[in-house]
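Structural description and commentary
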Amino acid sequence: MARAPTPPNMAARKVSHIGIAVRSIDSTVGFYQGVLGLPLEHVEDVPSQHVRVAFLPVGDTRVELLEPTKADSPIGRFLEKRGEGVHHLAFEVDSVEAALEGARGRGLKLVDNVPRAGARGCMVAFLHPSSCHGVLVEFVEEPRGAGRPQ
Ligand code: ZN
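Notes on the structure in this doc start here.

Calculation rules
- Residues numbered from 1 in each chain as written.
- Predicted model: local features only at pLDDT ≥ 70, side-chain atom pairs only at ≥ 80, totals over all residues.
- Heavy atoms only, no water.
- Donors = N, O, S within 2.8 Å, 3.2 Å for Na, K, Ca; no water.
- Tetrahedral: all angles 85-135°; square planar, octahedral: opposite > 155°, others 65-115°.
- Helix = DSSP H or I, 4+ residues; strand = E, 2+ residues; numbered from the N terminus.
- Buried < 20%, exposed > 50% of the residue type's maximum accessible area, 1.4 Å probe, protein only.
- Pairing = 2+ DSSP bridges.

Within the protein, the atoms that donate to the zinc ion are H17 (NE2), E64 (OE), H88 (NE2) and E138 (OE), at distances of 2.1 to 2.3 Å. Classification of the site at the zinc ion as irregular follows from its four donor atoms and the range of 85 to 168 degrees in their angles at the metal. For the zinc ion, the single-chain donor residues occur in sequence as H-x46-E-x23-H-x49-E. With a gap of 47 residues between them, H17 in strand β1 (residues 14-21) and E64 in strand β4 (residues 61-68) connect regions that are remote in the sequence. One exposure class covers both H17 and E64, and it is buried.

Here you go:
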């Protein structure tokens, strides 16, 4: 099945992070720090999503722990339904807007119709798992001038 090639600004550059839903960041970091030896880089509240996130870098990517700050929230409902575990896979792109437009052009179901502010000053947008073979996919655009790691 021939398809037009993906324009460079829509192509995924790397796995930005792997999002994991947890009941408590405090009781989870011990595993990632103690067993896997990952440093805790950054913890941040994202009030718009009623979630607290913690980033632990590993190689050129990160583990993102997501703890709900409210039961009735996307992560709270995920935990209720499925328990703790892998929640989403985030790909870094040059432009979330272009990547989203590309996904829309292919008729994919979007969670976010426009890019929105995510953690760490990034712009983000999610694609619906029903259009991504069962995976909740996130596009991440690093803040301007953040200096992409090599
Ligand atoms: Zn994420």
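Resuming the write-up.
Before going further, it helps to examine the pairing of strand β8 (residues 137-141). In terms of burial, β8 is largely enclosed, as five of its five residues are buried. Across the two faces of β8 the burial is the same, with V137, F139 and E141 and E138 and V140 all buried. As judged from the five bridges shared by strand β7 (residues 123-127) and β8, these two strands associate in the antiparallel manner. Paired with M123 across the bridge in β8 is E141.

To continue, consider the sheet that holds β1. In any sheet, the strands associate via hydrogen bonds between backbone groups, in a parallel or an antiparallel arrangement. If you walk across this open sheet you meet the eight strands as β2-β3-β4-β1-β5-β8-β7-β6, and the pairing is mixed. Edge positions in the sheet fall to β2 (42-46) and β6 (116-117), since each has one partner strand and no second.

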